[in-house]
Amino acid sequence: MTENFDRAPGAGRARIKPTSPGLADVGERDANSVFNQREPLRQPRTSPPLTENNTNTSEAIGGESRRPSKPHQVIHNNSTPASKVKSVDSLVNTSILSANAPEFFPSSFSPNEESVSEDGSDGYYTEATLAELVEEFLSHLNSSPGSFENDIEHIANMLNSWVTTEETLQELVELIYTQSTLIPNFSYTGARLCNFLSHNLALSPASGNFRQLLLKRCQTEYDQRDVAVRGGAETQKKFHAYVLFLGELYLRLEVKSAKGPPSRAEILLTALRELMNALFSNPVDGNLICAVKLLKLTGSVLEDTWKESGKSDMDQLVQRIENIVLDAQCSRDVKQMLLRLVELRSSNWGRVHAAAAADATPDNDPNYFMNEPTFYTADGTPFTAADPEYSEKYQEILDREDDYFPEGYEENGNESSFNDEDEMDPEIEEAFEKFCLESERKRRQ
């Protein structure tokens, strides 16, 4: 029973057995050749086609199992013209191609390989330049000025490793000056950076250290002041940025002295005086606005320094401002700015000394009422303690606030001993407000 059991696919199918024993052997051999034969692989296009001799050789080696089973394949191989074979052979013999030839790249393609430049550096993965380095950390300081104290030591150490020649020091000065006058509102941080580097950069060539080269760069712009104040809009804009940067530099740059504490650069004091004269010489709106900003920034320090030297330069500048307000053809808003600047100077630039603060009164201190609260009348008119007609009403409201809010309350209106869970119920709070309003109405009657 198990003799006829066949697990191969197609088992159990009927097969026709030949009647002749001789034909049986032939049938079994043909059947094996049919199932075992493989179609030959297609030859590569670049190799010459098989010839009749090659076919005969393969038959001799491979036997009957490698003999092509399809007649048209043999015909195709035998029908290859001899001229075509000769042309392929001649092409191979005359070719100048070599397997050892260098790899070919198109002219527009950059190979991803390491190349060494003349200075020995890696030509493909280049290091950052000094300009890129300075631009990166200046951008960081501009976006995060609060990190100046934490990052300035690292920046100085990094620059000391980069700035090792006179040329790189000149480049660093130019980069910092350009960025400090180009980035909006960066003049303060730029001046602080210049002050720190002037004391912490190790390189000091014969041409000058960092501070000396920076002042020379500022001198170049200073010499062009008379042309710049009368130039185009873009020229004036760059000049105004330079003026404000020089004002910050005067306040921040310290010159160390062996005899005493650090002092400010005296050359910048004279430069600021002449720059303001140049701005007032062409009293257009842009120049006047720049002069107002500069005096608000440095006015108190300039006046103190001039008074110590017995000079009246600030009085002369204020007199010139008053003449411009009367005569110049500037806009109304700019004239208002100039008048407010004169008022600021008359109040000692808004400064209140500690000794005078204890004896301050509304008559001798213009900032006496600066921190007082502002109230509003029934029709919405604001009034403070500085308004004479509302002085009694102002004091009455303050007394009433003391009754409503005893000393246990903080400035923000919350009682210091209260917890978040002890807050007033909204309904009680509303009733309390109605009670206060009703009490106020009865007091007025």
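Provided above is the structure to which this section pertains.
Criteria and thresholds
- Residues numbered from 1 in each chain as written.
- Predicted model: local features only at pLDDT ≥ 70, side-chain atom pairs only at ≥ 80, totals over all residues.
- Heavy atoms only, no water.
- Salt bridge = Lys/Arg side-chain N within 4 Å of Asp/Glu carboxyl O.
- Helix = DSSP H or I, 4+ residues; strand = E, 2+ residues; numbered from the N terminus.
- Buried < 20%, exposed > 50% of the residue type's maximum accessible area, 1.4 Å probe, protein only.
- Polar contact = N/O pair within 3.5 Å; in protein donor to acceptor, adjacent residues only side chain to side chain.
- Contact = heavy atoms within 4.5 Å.
- Phe/Tyr/Trp six-rings, centres within 6.5 Å; stacked < 30°, edge-to-face > 60°.

Chemist: Any chance you could explain the pattern of salt bridges here in plain terms?
Modeler: Where charged atoms from two side chains of opposite charge come close, those side chains can pair. Throughout the structure, instances matching the rule amount to 9 salt bridges. Among the ionic pairs, arginine 273 bridges to aspartate 313, the shortest N-O distance being 3.6 Å. A residue pair is termed long-range when its members are at least 10 positions apart, and arginine 273 in helix H12 (residues 266–281) and aspartate 313 in helix H14 (residues 313–327) qualify at 40 residues. Like aspartate 313, arginine 273 is buried. Residues arginine 345 and aspartate 315 are paired through a salt bridge, measuring 2.4 Å at the closest nitrogen-oxygen approach. With a gap of 30 residues between them, arginine 345 in helix H15 (residues 332–346) and aspartate 315 in helix H14 connect regions that are remote in the sequence. Exposure remark for arginine 345: the relative accessible area of 21% places this residue in the partly exposed category. With a relative accessible area of 41%, aspartate 315 lands in the partly exposed category.

Chemist: Sorry, what's going on with the side chain of arginine 273 here?
Modeler: Its relative accessible area of 12% is what places arginine 273 among the buried residues. At 2.6 Å, the side chain of arginine 273 and the side chain of asparagine 277 are in polar contact. Each residue touching arginine 273, except ones within four places of it in the same chain, is listed here: Trp306, Asp313, Gln316 and Leu317.

Chemist: Whenever I open this one, the packing of aromatic side chains confuses me. Can you help?
Modeler: Aromatic ring pairs are defined here through the distance separating the ring centres and the angle between the ring planes. This model, assessed by the stated rule, comprises 3 aromatic pairs. Residues tyrosine 177 and phenylalanine 245 carry aromatic rings whose centres are separated by 6.1 Å and whose planes lie at 75° to one another, so their mutual orientation is edge-to-face. Of the two residues, tyrosine 177 is situated in helix H7 (residues 166–182) and phenylalanine 245 in helix H11 (residues 233–252); the sequence distance between them amounts to 68 residues. For the pair formed by tyrosine 177 and phenylalanine 245, the shared burial category is buried.

Scope: geometric values only; no functional claims are made or implied.
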